[in-house]
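Spelled out from the first residue to the last, the chains are:
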Amino acid sequence: ISTASRKSMDRTVALSWIATVSTVGMYGTGFRTCQEMRKKRNVNHVSFVTFLMCDLSCILWLKYGVLQEDLTLIVVNIVGVIMHSFYMLVYFCNTTEKSRVIGWLCGCAAVVYPVLIYIKYFVDDYEKAVVRLGVLCSLTSLITCSSRLFNVVSLIVFQSRCSQGGPVSHANF
């Protein structure tokens, strides 16, 4: 292996580690919100949509990482799925609107499962499927960042400081 190739691989590995640590750090910002929900035994105007969209995004990016055989995407998104599933569980345990949460979860499943089934069983052109999934992942990431606006609305309308708006928004930049 040439020196130039080795330097390029070293940069790629370093960038992968930086991306992994910063992304997992961003995912960890929900812990404080969950602590507040558990302490107060209510969700206190925290938006479930943010947790759900982050989980959905991680699930889709995980599938994309598996298809691309990208270990960085796989590791980061496994951590993201676990953490956001935990956050949703804490939310569910502390909300009085459980049927609404179940409705959101069913709606999310109605989006995710057909996509995953299509890619697994019905795809004719593997490359096109990967590209389409990549576009869907990018759109989902955009929606995930936009879902944080629910927290800003909560902060303004309810003057609630315990919504995830602050730390998660800062972590995104």
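Residues numbered from 1 in each chain as written. Predicted model: local features only at pLDDT ≥ 70, side-chain atom pairs only at ≥ 80, totals over all residues. Heavy atoms only, no water.

Enquirer: How do you make sense of the overall build of the protein chain when you look at a structure like this?
Expert: The helix and strand tally for the protein chain stands at seven helices and zero strands. Tracing the protein chain from N to C terminus, the helices and strands come up as α-α-α-α-α-α-α. For the protein chain, buried positions account for 37% of its 173 residues. When contacts within the protein chain are restricted to residue pairs at least 6 apart in sequence, those whose partners lie at least 24 apart make up 76%. With the model as given, the accessible surface of the protein chain reaches about 10,600 Å², and the carbon-plus-sulfur share is 66%. (Helix = DSSP H or I, 4+ residues; strand = E, 2+ residues; numbered from the N terminus. Buried < 20%, exposed > 50% of the residue type's maximum accessible area, 1.4 Å probe, protein only. Contact = heavy atoms within 4.5 Å. Areas by Shrake-Rupley, 256 points an atom, 1.4 Å probe, with all protein chains shown as cover.)

Enquirer: Would you mind showing me how to read the nonpolar core here?
Expert: One recurring pattern in soluble globular proteins is that nonpolar side chains are buried together. Ranked by internal contacts, the top residues of the largest apolar core, which has 32 residues, are Met37, Phe51, Tyr91 and Leu133. Counting residues per element, the ones that place at least two in this core are helix 1 (3-27), helix 2 (30-40), helix 3 (48-68), helix 4 (71-94), helix 5 (98-122) and helix 6 (126-158). Considering each element in turn, this core owes the most residues, eleven residues, to helix 3. Those residues within four positions of Leu133 in sequence are excluded, and the remaining contacts are Leu60, Lys63, Tyr64, Leu67, Val115 and Ile119. (Core = buried A, V, L, I, M, F, W, Y, C linked by side-chain atoms within 4.5 Å.)

Enquirer: Would you take a moment to explain unusual backbone geometry for this structure?
Expert: Both trends apply: most residues other than glycine have a negative phi, and most peptide bonds are in trans. For Arg41, which is not glycine, the phi torsion reads 60° and is therefore positive. Within the secondary structure, Arg41 sits in the loop between helix 2 and helix 3. Located in the positive-phi region is Glu69, a residue other than glycine, with phi close to 55°. Residue classification places Glu69 among the exposed positions, given a relative accessible area of 71%.

Enquirer: Where do I start with helix 2 in this structure?
Expert: Residue pairs three or four apart in sequence face the same way in an α-helix, which turns once every 3.6 residues. What helix 2 keeps buried is the set Gly30, Thr33, Cys34 and Met37. Buried residues of helix 2, viewed axially, fall in a sector of 100°; they line one side. For helix 2, the exposed residues set more than 90 degrees away from the buried face come down to Gln35 and Lys39. At the C-terminal side of helix 2, Arg41 shows a positive phi close to 60°. (Arc of directions from axis to C-beta.)

Enquirer: It is not clear to me how the packing of aromatic side chains should be interpreted in this structure. Could you clarify?
Expert: As enumerated under the stated definition, the model contains seven aromatic pairs in all. With a centroid separation of 5.1 Å and an interplanar angle of 50°, the aromatic rings of Phe48 and Tyr91 are classed as tilted. Taken as a pair, Phe48 in helix 3 and Tyr91 in helix 4 lie far apart in primary sequence, 43 residues in all. By relative accessible area, Tyr91 is classed as buried at 7%. Both rings, one in Trp61 and one in Tyr64, keep their centres 5.5 Å apart while their planes meet at 85°; by these two values the pair is edge-to-face. A residue pair is termed a helical-turn pair when its members lie 3 or 4 positions apart in one helix, as Trp61 and Tyr64 do in helix 3 at three residues. (Phe/Tyr/Trp six-rings, centres within 6.5 Å; stacked < 30°, edge-to-face > 60°.)

Enquirer: Can you help me understand the packing of helix 3 against helix 5 in this one?
Expert: Helix-helix packing is characterised by the crossing angle of the two axes and by the distance between the axes. Where helix 3 contacts helix 5, the axes come no closer than 11 Å and their chain directions differ by 15°. Looking at the two axes, helix 3 sits roughly parallel to helix 5. At the point where helix 3 passes helix 5, the crossing takes the right-handed sense. Here helix 3 contributes Phe48, Val49, Leu52, Leu56, Ile59, Leu60, Lys63 and Leu67 to the contact with helix 5, which in turn contributes Val101, Trp104, Leu105, Cys108, Val112, Val115, Leu116 and Ile119. Of the residues belonging to the contact of helix 3 with helix 5, the class tally is 15 nonpolar, no polar and one charged. (Axes fitted to C-alpha atoms, helices over the stretch in contact; angles between N-to-C directions. Parallel < 35°, antiparallel > 145°, perpendicular 65-115°, else oblique. Left-handed = near helix turned anticlockwise from the far one by under 90°. Nonpolar A, V, L, I, M, F, W, Y, C, P; charged D, E, K, R; others polar.)

Enquirer: What is the right way to look at the packing of helix 4 against helix 5 in this model?
Expert: Where helix 4 meets helix 5, the axes come as close as 9 Å, and the angle between the chain directions of the two elements is 150°. Taken together, the axes of helix 4 and helix 5 lie roughly antiparallel to each other. Note on packing geometry: the crossing formed by helix 4 with helix 5 is left-handed. In this structure, helix 4 contributes Met88, Tyr91, Phe92 and Cys93 to the contact, and helix 5 contributes Lys98, Val101, Ile102 and Leu105. Class assignment of the residues belonging to the contact of helix 4 with helix 5 gives a composition of seven nonpolar, no polar and one charged.

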